Every structure is written in C-alpha cells, then in structure tokens.
Amino acid sequence: MSERTPPALALWLLERCGSGAHAQSLTGDLIEEYRRGRSRGWLWREVAVALGVALGVALVRSIRTMPWMIVLRASLRLAAETAAVLAIAAIVDQSRRSQVNSAALDMGFVVIVAALITVASLAVVALIRTRSMTNRRHRPAEALVGLLMLAFGVIALGTGTFTRADTTRGGDGPRTECNCR
Amino acid sequence: MRKREYLGQLELMVLLAAIRPAKDAYGALISREIAEKSGREVALASVYAALERLEEKGLVVSTLGEPTAERGGKARMYFKPTAEGLQAAREAQQTLIRLSSGLTALKGETV
C-alpha cells in the first residue's frame, strides 16, 4: 500500500507561516497522524489553528517587547493619514465654494492646507525612518494596529460624510429671519 | 527570584499528560492522552504552544529525536517534566482538592 501524502499546500503554509521553537516537530506530528488515517479535513483544521496560534503568539510577543515603537508608528500613521484626508477635504470644499460663489482664494485656507501637507509629509518621513527600527517580529502587531486604524478611519469618515450631507440638506431649506435684538 | 505564575487549564492538562507516559512524551501523544482522558480534542498547535510556555517557565525540558521517513523527514521533539514541573503539578492538584472539598454542588446535585 502506498503512503498517504499530506496536501503540499498545507505543509507549505505551515513551514512558511508557522512559528515557534517546535514548528518542525509539529509538522512532523501532523504528517505522522495524517498517515495513521486522519482525514484531510482534520489536517486543514490543524493547519488553520497552527497559523492562528502562530499569529497570536507573534502579536503578543511583539506587543510585549516593543509597545512604544508600535504606538509611535501608529500615531505617526494616524497623523499622516488624518492630515492628508483633511487637506484633500479642504481643497475639494474650497474648489466647490469658489465655483458656487466665485469667491477669491482665502489666505487662511492656504495656510491651513500648507500646514496639513507639512504635517502629513513629516509624519510620512518619520514613518519611513522608524521602519528600520522595528524588526520582522513586530510586523503582525503593526499590521493589526494598522487594520484597526483603517476601520476607525472608514467609520469616522463615513459618519462625517453623512453628518455633513445632513447639515447641507438642512441648510438648503427655507430660512426664517431672526427678529431678536 | 522568578515570579511564580499560575498554570492555565490547558497548561496543566499538558503538563499532567507529559508526566503520565512511561517513556518520553511528544506532541501527538500528549494530544491523544488529553483527548482520551477529557473527551475533548485539542489541536496539536495549541499543545505545542502550551509546551513552549511550560518550557519557558522551566517546567518541562525538550530533546530532539531522530528524523524519520514516516514523519516526512522531521524529527520528533520529546518532552520531560522537570523537578519544578512535578512540584507545580503536585501543588495544582492539592490546591484543586482543597478548593473542591466540601462543595455539595459538585456532588451531582443541581442547585
């Protein structure tokens, strides 16, 4: 009888993404158990758990060993992205207003946009420079923080857009003059 | 002096399963032992993660075996409890006995 061969992709994933001091032994155990008659479904479940465990361990280790660097890089990224989004929003808003009211370019607007672009650029430069200060072990934690920030940004931007749309709609309606003195 | 840490439930089960076999225990054997005694399947990766934590705490030691063809050329890692490991298991057992003694709710009656 020929020996059962475990799925090559599962083993490749384990060797590529699995971690821990006993990764080789774990792979060996999985191959052995599979050849003893375990199903492919079982093997894939085990591989999925192994990848999850490896990610969890890497996250906990990187957060424990260098939290300040992750916090610093997350703050820099937040500053860069917020400044860039605000600058774009200000430019779009100004161009729309100048189309409607043919208003002249406001000096305050120029200063604000210049400041926002400067903040975004400085934060991006700092992010690039601090990249070499983190090693591969901290990347999973950084990726998670980045993902959380992206989710926060999408929610905040979405809420802001809806609020602005509501305000604009309310502003277009009939106005009553105030008679108070 | 090292800070004393409590063992988690899985860590304790893995430690006890590593103590049980006559010869050196390895991941798959420990996993099978836990499944047999507790009726719950534990993923091998979770067993290895627990073993790694136990090793960091100095409660087990590992030795690398010879690679074999039936394991795809991978070596087996054997685990053995240390004197501290045996002591920790003993203390956990005694604590559980003391905590559960006299609890009528555990005698099969519903509260």
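The structure under discussion appears in the preceding block.
Residues numbered from 1 in each chain as written. Chains lettered and ligands numbered in written order. Predicted model: local features only at pLDDT ≥ 70, side-chain atom pairs only at ≥ 80, totals over all residues. Heavy atoms only, no water.

Notes on the overall build of chain B
- Scanning chain B for helices and strands turns up four helices and three strands.
- Counting helices and strands in the order they occur from the N terminus, chain B gives α-β-α-α-β-β-α.
- Summing over all exposed atoms, chain B offers an accessible surface of approximately 7,100 Å²; the carbon and sulfur share of this is 55%. (Helix = DSSP H or I, 4+ residues; strand = E, 2+ residues; numbered from the N terminus. Areas by Shrake-Rupley, 256 points an atom, 1.4 Å probe, with all protein chains shown as cover.)

Considering the overall build of chain A
- Regarding its fold elements, chain A presents six helices and zero strands.
- In chain A, the order of α-helices and β-strands from amino to carboxyl end is α-α-α-α-α-α.
- Sequence-distant contacts, at least 24 apart, represent 77% of the contacts inside chain A between residues at least 6 apart.
- Summed over its atoms, the accessible surface of chain A is roughly 12,400 Å², and 66% of this surface lies on carbon and sulfur atoms. (Contact = heavy atoms within 4.5 Å.)

Focus on the sheet that holds strand β2 (residues 60–67) of chain B
Residue and element names in this part refer to chain B.
- As summarised here, the arrangement of the three strands in space is β1-β3-β2, forming an open sheet in which the pairing is antiparallel. Looking at the sheet topology across the chains shown, the edges are occupied by β1 (25–26) and β2.
- Where β1 and strand β3 (residues 75–81) come together, two bridges link them in antiparallel fashion. Counted as the bridge partner of Ala25 is Phe79 from β3. (Pairing = 2+ DSSP bridges.)

Points about empty space enclosed by the protein
- This model, assessed by the stated rule, comprises one cavity of 30 Å³ or more.
- Of the voids in this model, the largest cavity is the one considered here, and its volume is about 40 Å³.
- Lining the largest cavity, in full, are A:Glu33, A:Arg38, A:Trp42, A:Glu46, B:Ala28, B:Ser31, B:Glu41 and B:Leu44.
- Listed by contribution, the elements that provide at least two residues to the lining of the largest cavity are α3 (40–65) of chain A together with α2 (27–38) of chain B.
- A breakdown of the residues in the lining of the largest cavity according to their chemical character gives three nonpolar, one polar and four charged. (1 Å grid on protein atoms, 1.4 Å probe; cavity = no way out; pocket = protein on both sides within 12 Å on 5 of 7 lines; lining within 4 Å. Points joined across faces, edges and corners; volume = space filled by probe spheres on them. Nonpolar A, V, L, I, M, F, W, Y, C, P; charged D, E, K, R; others polar.)

Shape is all these values report; function is a separate question.
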